[in-house]
Amino acid sequence: DGFEPSGRMHIAQGVYKAMNVNKCTRAGGTFVFWVADWFALMNDKMGGDLEKIKVVGEYLIEVWKASGMDFSTNRIVFKWASDEITSNAHVYWPKMLDIGRRFNVTRIKKCCQIMGRLEGSLSCAQVLYPLMQCCDVFFLKADICQLGVDQRKVNMLAREYCDFVPSIKHKPVILSHHMLYGLKAGQEKMSKSDPDSAIFMEDSAEDVARKIKNAYCPMKPPNTAKVNNEEGKVEETAADAGKESMSLIVDELKNPCLDYIQHIIFSKPGVTFTCGKGVAHTSFESVKEAFIGCALSEDDLKTVRMGLYYFVEMVSFMRFV
């Protein structure tokens, strides 16, 4: 997994990533973190100051150490892109150029969602970004690409490239994980640029509680139908019309509170989730059914004494582990 050192770390990159890494290493895999400092530079993070980018990279590593990521397995490796590419330029750049000559510009620009950029706003450096990320897979000799589903297009580019090179016998496995929803309506992932759309690893317990209290928490899917006044016909107008969904499964509700309960709290076997009138739930499906069926209210789900209060405590505790 490659990551850009690009500022504050939210729980999707902190807590959730730690959980996924632990699953991989405990299954016997070696997890290689590609500290993509040059990529952050190309994406104009930290004002394009490489020294600041490196400081942020070190900060993120320390946060992971404090967030429950299991380093005792000795199966977690950090490699800095700038150092590795510079030391092995004779290997890296020929491979990147070979990838570049196999695909046209239109195909490459379709991968630029990985940077959160629209095609029309790309700099020349950012067009190189997907080519280099694709090259990373082969440069690092990765068997598995374990990234968020938002990275699937460039991961598939790597698999497509294998068809051009007979010497590559095994295509990399794409193991995409779910993207935790942002706290506001219609946000398919957390945004670092909107502080109230995400829970950050250094947020205080009070900050986390406030953000959860204000979080979007629907019981029913939003009404996406509208009437076309000219023709009198009903049309569907999904909130993310024109954009490709980042979801691995169909989820019309897109409730961030339920999302965190499912993917963080219930990610550990044997968890009991207590909310409402002290009812203990042993599965996410039980919580969701009770909420949609009005046996649990929004306040029950977010209550200070139970419910997501456990989540507040967990995030706060992990900052000091």
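Just so we're clear, the structure is a prediction, and the values are computed from it rather than from any experiment.

Q: Sorry, what's going on with the overall build of the protein chain here?
A: Scanning the protein chain from terminus to terminus reveals 13 helices and nine strands. Counting all 321 residues of the protein chain, 45% fall into the buried class. Across the protein chain, contacts joining residues at least 24 apart in sequence account for 69% of those joining residues at least 6 apart. Counting every atom, the protein chain has about 16,500 Å² of accessible surface; 54% of that belongs to carbon and sulfur.

Q: So what exactly am I meant to see when it comes to helix H1 (residues 15–26) here?
A: Since the α-helix advances by 3.6 residues per turn, residues separated by three or four positions end up pointing in the same direction. With twelve residues, H1 extends 17 Å from end C-alpha to end C-alpha; this agrees with the ideal 16 Å at 1.5 Å per step. The buried count for H1 comes to nine of twelve residues, which makes it a mostly enclosed element. Within the span of H1, buried status applies to Val 15, Tyr 16, Lys 17, Ala 18, Met 19, Asn 20, Val 21, Asn 22 and Thr 25. Phi for Gly 28, located one or two positions after H1, is positive at around 105 degrees.

Q: Is there a simple way to explain the nonpolar core in this structure?
A: For soluble globular proteins, the rule of thumb is that nonpolar side chains tend to be buried together. Counting residues in each nonpolar core, the largest one holds 48 residues, and the members touching the most others are Ile 11, Phe 33, Leu 180, Ile 261, Phe 273, Val 287 and Leu 301. Those elements giving two or more residues to this core turn out to be H1, strand S2 (31–35), helix H3 (50–66), strand S3 (76–80), helix H9 (205–213), helix H10 (256–263), strand S8 (273–275) and helix H11 (284–292). With 28 residues, the next largest nonpolar core counts Ala 36, Cys 135, Val 154 and Val 165 among its residues.

Q: What's the story with the sheet that holds S2 in this structure? I'm lost.
A: Strand-to-strand pairing in sheets goes through backbone hydrogen bonds, with the strands running parallel or antiparallel. The parallel open sheet is built from three strands, whose spatial order is S1-S2-S3. Sheet topology places strand S1 (2–3) and S3 at the edges, where each strand pairs with a single neighbour. Pairing analysis gives five bridges linking S2 to S3, with the strands arranged parallel. Its bridge partner lying in S3, Val 35 is registered against Trp 80. Across the sheet, H3 lies against S1, S2 and S3, angled at about 175 degrees from S3, the strand it touches most.

Q: Explain the pattern of salt bridges here, please?
A: If charged atoms from side chains of opposite charge come close, those side chains can pair. Across all of its chains, the model carries 18 salt bridges by this definition. Of the charged contacts, one joins Asp 37 and Lys 54 as a salt bridge, the two residues approaching to 3.0 Å between their closest N and O atoms. In this pair, Asp 37 is assigned in helix H2 (residues 37–42) and Lys 54 in helix H3, connecting sequence segments 17 residues apart. Via salt bridges that share partners, Arg 8, Glu 202, Asp 203 and Lys 211 belong to a single interconnected network.

Q: Any chance you could explain the confidence of the model for the protein chain here in plain terms?
A: Detailed reading of the predicted coordinates is not advisable wherever pLDDT is low. Taken as a whole, the protein chain shows an average pLDDT of 84; of its residues, 84% reach a score of 70 or greater. Within the model, pLDDT remains below 50 along residues 232–243, and this stretch shows 17 contacts once partners closer than five positions in the same chain are excluded. Segment residues 316–321: pLDDT under 50, and eleven contacts once partners within four positions in sequence are set aside and those in other chains are kept.

Q: Before we go on, may I ask you to explain the environment of Val 127 in this structure?
A: Mapping Val 127 onto the fold places it in helix H7 (residues 124–139). Taking the C-alpha atoms as reference points, Val 127 and Lys 109, separated by 18 residues in sequence, lie 6.7 Å from one another. Each residue touching Val 127, except ones within four places of it in the same chain, is listed here: Ile 108 and Leu 122.

Q: Please clarify how the environment of Trp 34 should be interpreted in this entry.
A: Locating Trp 34 in the fold gives a position in strand S2. Sequence separation between Trp 34 and Glu 4 is 30 residues; the distance between their C-alpha atoms is 8.7 Å. Ignoring any residue separated from it by four or fewer positions in sequence, one finds Trp 34 in contact with Asp 1, Gly 2, Phe 3, Phe 39, Lys 79, Trp 80, Ala 81, Glu 84, Ile 85, Asp 136, Phe 139 and Leu 140. Within the structure, Trp 34 has its side chain in polar contact with the side chain of Asp 136 (distance 2.9 Å).

Q: I'm lost on unusual backbone geometry in this one. Help?
A: The phi dihedral of Lys 141 is positive, around 55 degrees, even though this residue is not glycine. Mapped onto the elements of the fold, Lys 141 is located in the loop between H7 and strand S4 (144–145). Its identity is not glycine, yet Lys 254 carries a phi of approximately 50 degrees, on the positive side. You can see Lys 254 is positioned in the loop between strand S7 (233–236) and H10.

Q: Please explain the pairing of S2 as it appears in this structure.
A: A regular strand carries its side chains on alternate faces of the sheet. A large share of S2 lies buried, amounting to four of its five residues. Inspection of the sheet shows S1 paired to S2 by two bridges, in the parallel sense. Bridge pairing in S2 places Phe 3 opposite Val 35. In this view, the connection linking S1 to its parallel neighbour S2 by way of H1 has right-handed handedness.

Conventions and cut-offs
Residues numbered from 1 in each chain as written. Predicted model: local features only at pLDDT ≥ 70, side-chain atom pairs only at ≥ 80, totals over all residues. Heavy atoms only, no water. Helix = DSSP H or I, 4+ residues; strand = E, 2+ residues; numbered from the N terminus. Buried < 20%, exposed > 50% of the residue type's maximum accessible area, 1.4 Å probe, protein only. Contact = heavy atoms within 4.5 Å. Areas by Shrake-Rupley, 256 points an atom, 1.4 Å probe, with all protein chains shown as cover. Expected span 1.5 Å × (residues − 1). Core = buried A, V, L, I, M, F, W, Y, C linked by side-chain atoms within 4.5 Å. Pairing = 2+ DSSP bridges. Axes fitted to C-alpha atoms, helices over the stretch in contact; angles between N-to-C directions. Salt bridge = Lys/Arg side-chain N within 4 Å of Asp/Glu carboxyl O. pLDDT = per-residue confidence, 0-100. Polar contact = N/O pair within 3.5 Å; in protein donor to acceptor, adjacent residues only side chain to side chain. Right-handed = clockwise from strand over helix to strand, strands pointing away.

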